[in-house]
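# Overview (structure and organization)
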Amino acid sequence: MLSPNRQQGLSLLELLIGTVLGLMLLSAVLRFYLDTLSGSGTGLRMAHLQQQLRATMQVMRQDLRRAGYYGVQPGTDFLDQQRHNPFTDADDPAKPATQRNDIRLGQFEGAQVEASDSCILYSYDLDADGALTPSGSGMERFGFRLREGRLQMRYGGEAFDCSQGLWHAVTDLPVEITELRFELDSTGLHPDDSEEACITGQPCLYVRAVGIRLAGRLQADPDIWMQLQDRVRVRNDRYLLTH
């Protein structure tokens with residue numbers, strides 16, 4: 001007589017081994033998923049910081065290039081008028097430092113003193129009328145400075161220095177500016193021949209450039225940081241008598 005068919009299933013040991021292997025596989029999949037999410041979040045935060053710093057650098061770059069612009073009136077001698085340019089009068093000994101309008105560097109000095117050369121001041125003929133408007137709605141004195149982790153831009157005020165006047169923030173709170181440094185280079189050239197040195201008592205052309213170093217990080221995640229460097233060629237050269 002034929003014996004009946006016997007049904008065989010998994011033993012308890014085999015079931016336990018299969019369960020453990022399944023959990024290990026699920027754990028690996030979950031770990032990969034969480035790592036992907038974490039990487040995506042870090043990438044998004046880095047992109048936000050990068051966007052903030054690059055936009056800030058572009059704002060400074062575009063405005064600094066205008067420094068010293070003077071609306072020359074038609075029919076006047078260009079070099080003669082440039083020698084009396086009120087926007088590049090740093091060498092005028094009759095004026096106190098806070099009233100001179102050419103490019104100069106400094107720092108904010110208050111309850112917290114910022115790093116040296118973390119502020120730049122400059123001016124230009126915004127309305128191209130050939131005259132300086134030091135304050136009010138037509139203000140033509142500008143600047144950038146670092147103060148308490150934020151980059152600020154000057155938009156008004158009487159005293160023209162890094163610690164006074166009216167300033168507003170350019171960067172927002174999630175981004176902390178950890179470094180802002182400016183460097184001013186000026187090279188004197190003969191107006192008619194760049195190969196010749198300037199002659200005492202004669203006009204000299206001063207070609208200028210501003211170096212900028214900007215660094216920042218996210219306040220919520222200081223490990224995410226970035227540094228940028230740029231060099232801005234000031235479009236408007238200075239024409240002064242060589243001493």
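That block above? That's the structure.
Residues numbered from 1 in each chain as written. Predicted model: local features only at pLDDT ≥ 70, side-chain atom pairs only at ≥ 80, totals over all residues. Heavy atoms only, no water.

### Some remarks on the pairing of strand β2 (residues 119-123)
Counting buried positions along β2 yields five of five residues, so the element is predominantly enclosed. Burial along β2 is two-sided: the face carrying C119, L121 and S123 and the face carrying I120 and Y122 are both buried. Where strand β1 (residues 104-106) lies against β2, three bridges are found, and the strand directions are antiparallel. Residue pairing for β2: R104 is matched across the bridge by L121. Sheet topology places β2 next to strand β3 (residues 141-147); five bridges connect them, and they run antiparallel. Its bridge partner being in β3, Y122 is matched across the sheet by F142. (Buried < 20%, exposed > 50% of the residue type's maximum accessible area, 1.4 Å probe, protein only. Helix = DSSP H or I, 4+ residues; strand = E, 2+ residues; numbered from the N terminus. Pairing = 2+ DSSP bridges.)

### Let's talk about the environment of Y239
Relative to the elements of secondary structure, Y239 occurs in strand β9 (residues 238-241). Spatially, the C-alpha atoms of Y239 and G188 are 9.4 Å apart, while their sequence positions differ by 51 residues.

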